[in-house]
Amino acid sequence: MQPKNKKEQIGITALYCRLSRDDGMDGDSNSVANQKRLLSQKAKELGFANTKYYVDDGYTGTNFNRPGFQAMLGDIDMGYITAVMVKDLSRLGRDYVSVGNYTDSYFPERNVRFIAVNDSIDSDEGESEIAPFKNILNEMYARDISKKVRSSHRLRGNMGEPLSQPPYGYMKSPENKKKWIIDPEAADIVKSIFKMCLDGKGNETIARILQEQKVLIPMAYWQSKGLPRGGKKTQPNPYKWCKTTVQKILSQQEYCGDVINFKTYSKSFKNKTRLENPQENWAIFKNVHEAIIDREAFEQVQKLIAKTKRRAPKPSNAQKSIFCDLLYCGDCHKKLRHHTNTINKDIHYFVCSNNKVDYRGSCPGRHYIRADAVEQVVMLELRRMAEFLHDDEQAFADILAQKSGAELMKEQKRNAGELQKAIVRNDTVSRLYEKLYEDNATGKVSDEWFMQLSHKYEVERMELKAKISELRSKLMQSDEQQKECENFTTAVRKFMQMEHLTAPLLRELIDHIDVFETQGVGKNRTQRIVIYYRFIGYIELPEVSHYDNYKADTRKGVAVEYVSKALTA
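Residues numbered from 1 in each chain as written. Predicted model: local features only at pLDDT ≥ 70, side-chain atom pairs only at ≥ 80, totals over all residues. Heavy atoms only, no water.

J.: Can you lay out the sheet that holds strand 2 (residues 51–57) for me, pointing to particular residues and giving the numbers?
T.: Taking strand neighbours across the sheet as the criterion, the 5 strands line up as 2-1-3-4-5 in an open arrangement whose pairing is mixed. If you trace the sheet from one side to the other, it starts and ends with strand 2 and strand 5 (121–122), each paired once. Across 4 bridges, strand 3 (residues 81–86) lies against strand 4 (residues 113–116) in parallel orientation. Residue pairing in the sheet places Met 85 in a bridge with Ile 115 of strand 4. Helix-sheet contacts for helix 3 (residues 67–77) involve strand 1 (12–19), strand 2 and strand 3, and the interaxial angle to strand 2 is about 145°. (Pairing = 2+ DSSP bridges. Helix = DSSP H or I, 4+ residues; strand = E, 2+ residues; numbered from the N terminus. Contact = heavy atoms within 4.5 Å. Axes fitted to C-alpha atoms, helices over the stretch in contact; angles between N-to-C directions.)

What follows is the structure in structure tokens.
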């Protein structure tokens, strides 16, 4: 074996296996276990000792959004993989354009050797003239399977067989998976939701009651029962019901005992996105399974829903504030949401999106603040800063340097030292790896000891590469920060020429604003608003000029003074 090939074998050889449900009809020849055996044997024949499996079991080949494949691409981009091996081209994918892009461009650009064992394709032996035709045949196979599946799907759907998972309140019968039966525990919750709606309670009120009663949301309930269901699983609070979930339950005709098929559809076998189907295309089969809600009660609820549908906001109410996405709760650090007063449309305000009162969150206070008050406070602080810059430019520059420069230089020095150490160690590990490989080839090191040490070195190399990439990125960011500090001064000068705040100028100057809960009572209320500027954070200017804090009468007998200083530790 030539030294060149030996050098290439130092990285990982990715053994990629894929099996979709459609491929399962071909018998055992395409099974994951069979693919692993074939690829492992071929890797040994070619002398690839450092192998790693990437597996996608149950994923279609018509798109490449598969966890195993994406993990392999991530390792290729990090430089860990030097060869990719598959059973045949169809395992890589069944979209001939995308497969061709990977084999003709992506892998060669990253010096990754590609091998399709059964198709006798090896990129080291030059381009394969037959590969494009095989890719087209693989896609035609996927298209044909898709047509057969769609035809079967439509046939079953038109016969009244449920094509979707049973909704919350039902479950599949253990005796007949095509039959839905009532899940007593969840069905009681569904009944209570419909009853509360008929009692005149709105969706938000129903959701609040369910949360207070510690009722698990549908996804959390299914997970607690060990039932696999698709959908988002990111809700941190398993009891926090959303009004849209309540609305969906109230609108599902399936609770009357009906089966409704073809509510959604996909445009092609390549695009799996589900689209809403017009109601005239639905197939409705009544009284197929036991009802949870009687039809009369369901119809009453639909009439109530139709009467209480929310209207689209008027343009005057929907206008976005320039402070949206800049204001955060000073206590829980969640974003503040923008609202318009329903009685006085001229009043716009923000409240914490995690507060207990409005959103059933965990933050005890609303952190209410009017948008016009925020604007006045920000204008006041920027005027203070602009005046300080005008009166003593050198002192202003010194404060910026003190705020950003010292810490920046210290961090840069630390990162540069860490980067140098990581590069040196990475080179050392690479040499040790090569020596270990040569010792194994000459018989000085046993295969067992080689596998153990090579795995250890490979793990360390991966960690070092990731660390080197991260440190280089940090050093680049540090250089950019120094330039941005100069841009910050330019933005302050720009403000000096303007009479009103604009959204672009705010984004240039301000990173975020923390809003704290109002303290005190009556006309002696205060509220802290702390501004954090881009690249320098919070900055406290010396009292070179006197500006009183902004004070506003928010309503009769109530006044708030807005304090812009951060609390000292």
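J.: Just give me the short version of the packing of aromatic side chains, but keep the residues and values in it.
T.: The full count for this structure, using the stated rule, is 18 aromatic pairs. Ring geometry for Tyr 106 and Phe 107: centres 5.7 Å apart, planes at 70°, overall edge-to-face. Taken individually, Tyr 106 and Phe 107 each receive the classification buried, so the pair is uniform in this respect. A network of ring pairs unites the aromatic residues Tyr 16, Phe 64, Phe 69, Tyr 102, Tyr 106, Phe 107 and Phe 114 as a single cluster. Lying across the ring of Phe 69, Arg 66 places its NZ or CZ 5.2 Å from the centre. Cation over ring: Arg 337 sits above Tyr 359, and NZ or CZ is 4.5 Å from the ring centre. (Phe/Tyr/Trp six-rings, centres within 6.5 Å; stacked < 30°, edge-to-face > 60°. Buried < 20%, exposed > 50% of the residue type's maximum accessible area, 1.4 Å probe, protein only. Lys NZ or Arg CZ within 6 Å of the ring centre and 35° of its normal.)

J.: Describe helix 10 (residues 243–250), with residues and values.
T.: Within helix 10 the residues assigned to the buried category are Val 246, Ile 249 and Leu 250. What you see down the axis of helix 10 is that its buried residues fit within an arc of 95°, all on one side. (Arc of directions from axis to C-beta.)

J.: Requested: an account of the side chain of His 512, with residues and values cited.
T.: Checked against the element boundaries, His 512 lands in strand 16 (residues 510–515). If sequence neighbours within four positions are ignored, His 512 has contacts with Leu 326, Tyr 328, Val 530, Ile 531 and Tyr 532.

J.: Can you tell me about the packing of helix 7 (residues 184–198) against helix 8 (residues 203–212), naming the residues and giving the values?
T.: Interaxial distance between helix 7 and helix 8 falls to 10 Å at its minimum, and their mutual angle equals 140°. The orientation of helix 7 relative to helix 8 falls into the category oblique. Regarding helix 7 and helix 8, the two cross each other, and that crossing is right-handed. Within the contact between the two elements, helix 7 uses Ile 189, Ile 193, Met 196 and Cys 197 and helix 8 uses Ile 206, Ile 209 and Leu 210. Class assignment for the residues of the contact of helix 7 with helix 8 results in 7 nonpolar, no polar and no charged. (Parallel < 35°, antiparallel > 145°, perpendicular 65-115°, else oblique. Left-handed = near helix turned anticlockwise from the far one by under 90°. Nonpolar A, V, L, I, M, F, W, Y, C, P; charged D, E, K, R; others polar.)

J.: Describe the pairing of strand 1, with residues and values.
T.: Across the 8 residues that make up strand 1, a large majority, 8, are buried. The alternating pattern of strand 1 places Ile 12, Ala 14, Tyr 16 and Arg 18 on one face and Thr 13, Leu 15, Cys 17 and Leu 19 on the opposite face, and all of these are buried. Inspection of the sheet shows strand 1 paired to strand 2 by 7 bridges, in the parallel sense. For Arg 18, the partnering residue across the bridge sits in strand 2 and is Asp 56.

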